[in-house]
Number of protein chains: 2
Amino acid sequence: MPEISIVLIEPLYEGNVGFAARVMKNFGFTRLVLVNPCPIGDEAIMRASHARDVLDSARRMTIDEIYREFDLVVATTGEVSESVCTPMRMPYYAPAEVREMVADIEGTVAILFGRENWGLANREVMRADIICTIPASKAYPILNLSHAVGILCYELASLPRGTYPLAGRVEMEAFHQHLGEFLDRIDHPEFKRKNTTILLRRLFGRTRLTTREVSTLHGLMRRAEWHMEKKD
Amino acid sequence: MPEISIVLIEPLYEGNVGFAARVMKNFGFTRLVLVNPCPIGDEAIMRASHARDVLDSARRMTIDEIYREFDLVVATTGEVSESVCTPMRMPYYAPAEVREMVADIEGTVAILFGRENWGLANREVMRADIICTIPASKAYPILNLSHAVGILCYELASLPRGTYPLAGRVEMEAFHQHLGEFLDRIDHPEFKRKNTTILLRRLFGRTRLTTREVSTLHGLMRRAEWHMEKKD
């Protein structure tokens, strides 16, 4: 992945700048750039919460410096009306597409976000390499600035996925073996056996059991077996 | 897609409730449910902005009513520590996985979000059908409530993708034909021709040209041809 900076162009409300810093840090991004922002004070610090470091280390740059320094510039814009097909904001890509487009880049990428009231000016978009539009409802397509930043950061994040141990092939086969024995034990009729066996394979196949779950289910069957033993 | 409701359990700050309503509407969701919320006043209305309707139509329910009424309940939780592997918050799925899991459901789905300070209680998570965790940075994994709502809504939204006319096969073949003629016209050496032709196919293939772009490139070549004609 490239080195990604989030650039806020002339943000009007410091609360949004603070929230943007917070959601950046939530997804592992720390490089914030501010172009001619509103005064940044207590409200921004409060909204940034534990991302005060991101806020404090924000760089001040001009739009010209951004286009001079970054290898690739992505401009985020609102949905354009369908009839417009000028090169200015076309073609545009969804955040997930932009993720693919920048994934293999070695270099610096700036993601530009415009003002809360009227977004990015044409002169700011003009030199952008890629246009990104978050698909939104026509009923109300205007996202709050920090929510737009959050969605881009969420898509562009490269965080290790938390893992939990899924039961492996050997454990699953032993489990199905036990299920078969259990069916025998409860005198499950032979003529239904094949279909039921397949149904159980489908059911537990799509469920993708964890080791813990398999072990609990073994335990439940063993208990039932014990009680049936006792009764006989 | 199922009918999805966003459920905020005991939210503490009305600003977050307003922002949640706004970002829901941004992605086409209108069903907000509040469980024992803080007082909802002017601050919430201001943050909701043009999603006042979502805020005003929010239903008040109890957690028991939610588990009684909805066909499927998804509880969102923060990242759990790796050592914990109890069934309470395991296994968990990322928002994109939850999207796939609920995509084909005909029915009602509730997505639960916990309090700003300590999330969902075990007794609220206990009966949940699916656990969803937004992958976040270990440096600061706690998202603002409305940003978490925004990311779930973004993933679960089923909005028509905006479209623009990509050049079709016929236009692209005519374009490559013109490129070939242009190479002839500028006496491009025959022994390089094959590789250059392939390079141009790869280049414009991955670029996925729009009709507009193809037409502009034709125009540029025609102009160059005209100037070369004049000169000869």
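Coordinates for the structure precede this section.
Reading guide: rules and limits
Residues numbered from 1 in each chain as written. Chains lettered and ligands numbered in written order. Predicted model: local features only at pLDDT ≥ 70, side-chain atom pairs only at ≥ 80, totals over all residues. Heavy atoms only, no water. Helix = DSSP H or I, 4+ residues; strand = E, 2+ residues; numbered from the N terminus. Rg over C-alpha atoms; globule rule 2.2 N^0.38 Å. Buried < 20%, exposed > 50% of the residue type's maximum accessible area, 1.4 Å probe, protein only. Contact = heavy atoms within 4.5 Å. Areas by Shrake-Rupley, 256 points an atom, 1.4 Å probe, with all protein chains shown as cover. Buried area = accessible area lost by both parts, 1.4 Å probe. Salt bridge = Lys/Arg side-chain N within 4 Å of Asp/Glu carboxyl O. Polar contact = N/O pair within 3.5 Å; in protein donor to acceptor, adjacent residues only side chain to side chain. Nonpolar A, V, L, I, M, F, W, Y, C, P; charged D, E, K, R; others polar. Disulfide = S-S within 2.5 Å. Pairing = 2+ DSSP bridges. Least-squares fit on C-alpha atoms with pLDDT ≥ 70 in both. Axes fitted to C-alpha atoms, helices over the stretch in contact; angles between N-to-C directions. Phe/Tyr/Trp six-rings, centres within 6.5 Å; stacked < 30°, edge-to-face > 60°. Lys NZ or Arg CZ within 6 Å of the ring centre and 35° of its normal. Core = buried A, V, L, I, M, F, W, Y, C linked by side-chain atoms within 4.5 Å. Parallel < 35°, antiparallel > 145°, perpendicular 65-115°, else oblique. Left-handed = near helix turned anticlockwise from the far one by under 90°.

Q: Report on the overall build of chain A, specifying residues and quantitative values.
A: When helices and strands are tallied, chain A shows 10 helices and 7 strands. Relative to the 2.2 N^0.38 estimate, which gives 17 Å for 232 residues, the radius of gyration of chain A is 27 Å and therefore markedly larger than a compact globule would have. Per-residue burial over chain A gives 48% buried out of 232 residues. Long-range pairs, those at least 24 residues apart, make up 83% of the contacts in chain A with a sequence separation of at least 6. A total of about 12100 Å² of accessible surface is found on chain A, and carbon and sulfur atoms cover 53% of it.

Q: Describe the interface of chain B and chain A, listing the residues and the values that go with them.
A: The partner chain A presents 50 residues to the 51 residues of chain B that form the contact. Taken over both partners, the interface formed by chain B and chain A buries close to 4100 Å², and the fraction arising from carbon and sulfur atoms is 60%. When the buried area of chain B at its contact with chain A is split by residue, Y140(B), H147(B) and Y154(B) rank highest and sum to 18% of it. One can count 0 salt bridges joining chain B with chain A. The tally of links between chain B and chain A comes to 20 residue pairs in polar contact (both at pLDDT 80 or more). Of the residues that constitute the side of chain B that touches chain A, the class distribution is 27 nonpolar, 15 polar and 9 charged.

Q: Tell me about the pairing of strand β6 (residues 108-113) of chain A, and please be specific about residues and values.
A: Of all 6 residues that make up β6(A), 6 are buried, and the element is covered over most of its length. Burial along β6(A) is two-sided: T108(A), A110(A) and L112(A) and V109(A), I111(A) and F113(A), pointing in opposite directions, are all buried.

Q: Let's hear about the pattern of salt bridges: which residues, and what values?
A: All names here are of chain A. Scanning all chains against the criterion turns up 26 salt bridges over all chains. In this structure, R115 and E124 form a salt bridge, with 2.6 Å as the shortest nitrogen-oxygen distance. By relative accessible area, E124 is classed as buried at 2%. In this structure, E229 engages R185 in a salt bridge whose closest nitrogen and oxygen atoms are separated by 3.8 Å. With E229 in helix α10 (residues 211-231) and R185 in helix α8 (residues 169-185), this residue pair connects regions lying 44 residues apart in the sequence. Look at R185 and you get partly exposed, because its relative accessible area is 24%. Three or more residues joined by partner-sharing salt bridges are found here, namely E10, R115, R123 and E124.

Q: Give me the state of the cysteines: which residues, what numbers.
A: All names here are of chain A. This model, assessed by the stated rule, comprises 0 disulfides over all chains. As a non-bridged cysteine, C153 has C132 as the owner of its nearest cysteine sulfur, 11 Å distant. Residue classification places C153 among the buried residues on the basis of a relative accessible area of 1%.

Q: Describe the sheet that holds strand β4 (residues 72-76) of chain B, naming the residues involved and giving the relevant values.
A: In spatial order, the strands read β3-β2-β1-β6-β4-β7-β5 (chain B); together these 7 strands make up an open sheet with parallel pairing. A strand with exactly one partner marks an edge of an open sheet, and here the two such strands are β3 (59-60) and β5 (92-93) of chain B.

Q: Could you give an account of the relation of the copies chain B and chain A, naming the residues involved and the relevant values?
A: Screw-axis analysis of chain B against chain A gives a translation of 0.1 Å along the axis, an RMSD of 0.2 Å, and a rotation angle of 180°. The operation mapping one copy onto its partner corresponds to a two-fold rotation axis.

Q: Pulling in residues and values, what's your account of the sheet that holds β6(A)?
A: All names here are of chain A. Strand order in this open sheet of 7 strands is β3-β2-β1-β6-β4-β7-β5, and the pairing throughout is parallel. Of all the strands in the sheet, just β3 (59-60) and β5 (92-93) have a single pairing partner and so form its edges. Along the sheet, helix α7 (residues 145-156) makes contact with β1 (3-9), β4 (72-76), β6 and β7 (130-132), crossing β6 at roughly 150°.

Q: So, the packing of aromatic side chains: which residues are in play, and what are the values?
A: A complete count under the given rule lists 6 aromatic pairs over all chains for this structure. Seen from their ring centres, F27(B) and Y154(B) are 5.8 Å apart, and the 70° between their planes marks the pair as edge-to-face. Separated by 127 residues along the polypeptide, F27(B) in the loop between α1 (14-26) and β2 (32-35) and Y154(B) in helix α7 (residues 145-156) bring together distant segments of the chain. The class of F27(B) is buried, set by a relative accessible area of 2%. Joined through ring pairs, the aromatic side chains of F27(A), Y154(A), F27(B) and Y154(B) make up one cluster. Sitting over the ring of W118(B), R115(B) keeps its end group 4.4 Å from the ring centre.

Q: So what's going on with the nonpolar core? Residues and values would help.
A: Grouped together as the largest cluster of nonpolar side chains are 82 residues, with contacts concentrated most on L32(A) and L32(B). In contact with L32(A), other than residues within four places in its own chain, are I6(A), L8(A), V17(A), A21(A), M24(A), V54(A), L55(A), S57(A), A58(A) and R59(A).

Q: Give me the packing of helix α5 (residues 95-102) of chain A against α7(A): which residues, what numbers.
A: A pair of packed helices is characterised by two quantities: the angle between their axes and the separation of those axes. Residue and element names in this part refer to chain A. In contact at an axis separation of 9 Å, α5 and α7 are set at 45° when each is read in the N-to-C sense. The orientation of α5 relative to α7 falls into the category oblique. For the pair α5 and α7, the crossing hand works out as right-handed. On the side of α5, the interface is formed by P95, A96, V98, R99 and V102, while α7 contributes I151, L152, E155 and L156. Class assignment of the residues belonging to the contact of α5 with α7 gives a composition of 7 nonpolar, no polar and 2 charged.

Q: So, the environment of S215(A): which residues are in play, and what are the values?
A: Residue and element names in this part refer to chain A. In this fold, S215 is placed in helix α10. In this structure S215 comes out as partly exposed when scored by relative accessible area, which is 44%. Considering only alpha carbons, one finds S215 and E171, 44 residues apart in sequence, at a separation of 9.1 Å.

Q: Lay out the environment of Y92(A) with the relevant residues and their values.
A: Residues and elements named next belong to chain A. Its location among the elements puts Y92 in strand β5. For Y92, a relative accessible area of 4% corresponds to the buried category. Taking the C-alpha atoms as reference points, Y92 and I131, separated by 39 residues in sequence, lie 4.8 Å from one another.

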